[in-house]
Structures are given as C-alpha cells and as structure tokens.
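Notes for the structure review
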Amino acid sequence: MIDYNIVDITKLKDYDLLISAINNPLYINKVLVDELKDRIGLKCKRIIIESIYRDFDFSSIYSSFYSKKHRLLPKECYRIHFFTNADTSPDSYGGFMVLRPSTIEDSRGRSHIMPELLVNANKSFIMLAPSKSHILGTKYEVKAFPWMAQESDISRCAHSATWSIVRYFSEKYSHYKQRSINDIVEMTPLFLNRKTPSEGLTLSQLSEVFSAAGFHPLILRKGKDKISQERFKSSIFAYIESGIPIIAALPDRDHAISIVGHGDINQQKVAKYNSKEPTLSHNFIDSLIGIDDNYLPYINISDKPSKGSYGIKHIEYALIPLYEKMFLPADIVIMRAKYLIQAKHLDVPSNSILRPYITSSRSLKRETRENISLNDELREIILKTPMPQFVWCVDISSIEEYRVRKNSARIIIDVTAATKDRDPWILTHDSKFVLYFDCSQGWVEEDIAIEPYDMYQNNLEEVNL
C-alpha cells in the first residue's frame, strides 16, 4: 500500500528526520538534506513523504537502461511534498521532488517546486507552468519550472536541460507532447559514439532533438568583439522576456543549463543612467534565473559572479526553441526599433529605454482589453488591428516611466517578416499619434493623446518574497 509520513519543519535540524524516515541511502543522504536546509530552509513548514511512488521519468529509463544491468535497482521511488503551512491545505502546497534510487548518491529526480521556496532575491521574473499532483485523493497544484538532476550514465546536463524545457512547454501548452527523459535520450542522433552511456551532447545534437520535439531551434554564438557580444546578450534577454526558455552552453565549464527568467530592475542603475542614445532594458537587470541540474532550481546567474562560480559572461552559445512561424530574429528587431527612434519617426526621448519581446497576438489583445491604464482609443485600435499568431513588441519608456514599469510608446512588428523586409511594422505609437496598417485602408495615422500605461507582463510571472 501507499504510505504517507509527515515531517514537521520548525528548525533546520528537522530536515535530518527525512534520513531516518526513509532509511535507505539509495534515496536520500546528508548532501541532499543539507541542500534542502540551505536553499529552502524554514520557508517550508511541513513535508509529506509518499511511498511507494512510480515515477513516469524514472520508469522510462529503468526500462531502457537499469533493467539491463547485472545489479538491479528498485523500480519504486519516493516523493516528498513541500508545504508552506502545517495545515497541508492546497493553498500552502509548495510542490514536490521525486527521490529515485541512485548508486551515485544523487537521487534528485523530477521536481516541480514553487520558486518562492528557492529564490533568494526579493523579486524575480520567471517562466512557470502548472503541475498537478494528488495526495490521498486531494488534488494539489503548483506553478513551477520542471527540474531534475542528471542520471550520469544515461543522461547528462544537456539532456536534463532539454528535458526541463520540453516538459515546461508540454505543461504550459497542450499541443506540445510530454516527453520522458528516456524519450530525450532516444531522440538524440548518433554522433561518433553510442547513446548510452552518454558522454554529453553537441549543439547540433541538441538542435536535432528540439526539431524532433516540434520546435524550430535557433542557435546563437557570442562573437569576440564588443558589438557582437552585446548583440548576443541583447538577443538572450529579448527571448527570455518573450517567455521562451533557452539552452545556454558554457564551453569552458563543459556544461549546459536552461535560462528561465531574470532578476529585478536595478533602480540604482536607472538613477545613474545618462545617455543620449536609446538603450535596452537588460542593461538595468543584473541577473538571469537558471535551471542547473547540479543545484536545486532557480539559481541566480549574475552579471558579476563570485570567484569560482559562473555568470552571464560565461555563456558562449544559446539555443532558442522557437515556434514554426517565428522568423524575424531579435537582433534585427532591436536594430529596426533603434532606427525608428534615431530617425525621429517616433516622438520619444533620444535616451529612451527599449524592452523587446515576442508574444501571441491573442495574449496581447487580452492584456490590452484588461489593462485599465490604457487609453480607450488606443485599446480599440490594437484590438481591431489584424495580426499574425505571434508578434514582436518593443515597449518604449522614458527613464521616469521605466522606473515604475510603464511605457507611452510601442512598436508592434510582424514576426513572420523576412530579415530584409522593408516594412515589417503592424503598429507604432508614441504619446501623440498612432500609425497602424488596416487591410482595407492601408496605413492609417490618428492623433491621440496617450498617457503612460502599465507594461505588458504576461510572459513572465513576478515572484515576490
């Protein structure tokens, strides 16, 4: 029968009770317990230990790999559930971690843990998807980004990073198929060596896996000169702002991770901003949020990492899993938007702050309808303007507007446009006029007084401690 044990957490030492409650070194050890103490600490008030649990992902690799070994591992797993209150109500559910049997002392399996338990910053912006679980017939739900540690022989860091992104899309959007970690391994094309035991993946193999999973991957490479490095960093932040998780490759660490969000605006940098040219919003953000299979999720990847750790500057390649019809790349969008401002096609400050991102036209119009700070005439124009399934948006703010996350100008661009398309615009506006394309009338310009309105924030979820 399935058994449930409760461990109440009132002090950090209470986490040690997990070792005695499970009482099997294949599933839990002091290293894991110490990590829970350090990362989650007293934000968790109660843990429910569920056994026996059959995990979809571990079962997939058990069938394909562990069942063929001379010394067999158990098929069963444990699952530990975290609660922020001792009442174990659905409102206090913080997610779960599967503990799979492991002979290499890393039993951390599939996990969906709310970021509030793990992030160490007061405010972050992270991609999250709902995940459901059941305890004694009661349904629980947590919004999280999927994570698991690598399985060493069968899956390495790149497999885990790919799995986390593919699983995120399958939980966020119903038309993406759920894939097990073994599916990711089997989808990997052979390259000079066997699939298992694995020695890791190349970017080319990763691209093939994402293509097989229904994506259209774009690979970016950081150049050696300052201009190409800035273009690379700007593109990464633009896709993260779009709610598209990316694979980041760190060749000098022989490592791959997922990037799933970013930190808060550094208001001190905004206050010191002094330029005569437009700049991008990422210049005021000091960190990215990463999923690294070596650590519990939502690690901080800083612009200025401490000695011995990696940071944003160590990312040399990025793989972006795009939707089929997302043709226009971020660097072209940014270049075109800056040109509009510098050529005075928009009446905005010369040192405006630009925030580029992709969104679905459906989400944009829904948020437009619900944004009470938006001008009524502008709202009607956006709602009635024909758009493709996805669009690029560039929110344009003055320094004062950006401090309070508002903008009074925006550019909407056709994401299906070609890179050299002379006219990719769908709509542009500043605080005085709106220019948009009407299928029956062509380009239409209307004089409208537009007050600053709240920025679009649908792609990332704000996480506050």
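Please refer to the structure placed before this passage.
Residues numbered from 1 in each chain as written. Predicted model: local features only at pLDDT ≥ 70, side-chain atom pairs only at ≥ 80, totals over all residues. Heavy atoms only, no water.

Brief notes about helix α4 (residues 157–172)
- Between its terminal C-alpha atoms α4 stretches 23 Å, which fits the 22 Å expected from 16 residues at 1.5 Å a residue.
- Counted residue by residue, α4 has 15 buried out of 16 residues, so it is predominantly covered. (Helix = DSSP H or I, 4+ residues; strand = E, 2+ residues; numbered from the N terminus. Expected span 1.5 Å × (residues − 1). Buried < 20%, exposed > 50% of the residue type's maximum accessible area, 1.4 Å probe, protein only.)

Remarks on the side chain of S235
- Mapped onto the elements of the fold, S235 is located in helix α7 (residues 226–241).
- On the basis of relative accessibility, which here comes to 5%, the residue S235 falls in the buried class.

Some thoughts on the packing of helix α10 (residues 361–370) against helix α11 (residues 376–384)
- In the contact formed by α10 and α11, the axes pass within 9 Å of each other and the chain directions differ by 160°. Taken together, the axes of α10 and α11 are roughly antiparallel relative to one another. Considering only the axes of α10 and α11, their crossing is left-handed. Side by side, α10 and α11 meet where K365, T368 and R369 of the first sit next to R379, I382 and L383 of the second. (Axes fitted to C-alpha atoms, helices over the stretch in contact; angles between N-to-C directions. Parallel < 35°, antiparallel > 145°, perpendicular 65-115°, else oblique. Left-handed = near helix turned anticlockwise from the far one by under 90°. Contact = heavy atoms within 4.5 Å.)

As for the pattern of salt bridges
- In this structure the tally under the stated criterion is 28 salt bridges.
- Across the salt bridge formed by D34 and K30, the nearest N and O atoms sit 2.7 Å from each other. Here the residue D34 and the residue K30 both occupy positions in helix α2 (residues 30–39), the gap between them amounting to four residues, near one helical turn.
- Relative accessible area serves as the criterion here: at 30%, D34 is assigned to the partly exposed category.
- Since its relative accessible area comes to 55%, K30 is described here as exposed.
- E76 is paired through a salt bridge with R54; the nearest N and O atoms lie 3.2 Å apart. (Salt bridge = Lys/Arg side-chain N within 4 Å of Asp/Glu carboxyl O.)

Side note on the environment of T279
- Looking at the element boundaries, T279 is found in strand β12 (residues 279–280).
- You can call T279 buried: its relative accessible area is 14%.
- As for T279 and S60, which are separated by 219 residues in sequence, their C-alpha atoms are 48 Å apart.
- Once you skip the residues sitting within four places of it in the chain, T279 turns out to touch Y273, F284, S352, I353 and L354.

A look at the packing of aromatic side chains
- Taken as a whole and judged by the stated rule, the model has 19 aromatic pairs.
- Here the aromatic rings of Y27 and Y78 are separated by 4.8 Å at their centres, their planes lie at 75°, and the arrangement is edge-to-face. Here Y78 lies in strand β3 (residues 77–83) and Y27 lies in the loop between α1 (17–22) and α2, a separation of 51 residues in the sequence. Side by side, Y27 and Y78 carry an identical accessibility label, which is buried.
- Taking 6.1 Å as the distance between ring centres and 50° as the angle between the ring planes, the aromatic pair formed by F58 and Y62 counts as tilted. Placement of both F58 and Y62 in helix α3 (residues 56–64) is noted, with a separation of four residues, approximately one turn of the helix.
- Through successive ring pairs, a cluster of aromatic residues spans F145, Y168, F169, Y173, Y176, F210 and F215. (Phe/Tyr/Trp six-rings, centres within 6.5 Å; stacked < 30°, edge-to-face > 60°.)

Thoughts on the side chain of N407
- With respect to the element layout, N407 can be found in strand β18 (residues 406–407).
- Those residues in contact with N407 that sit more than four places away from it in its chain are D395, I396, S397, E401, P452, Y453, D454 and M455.

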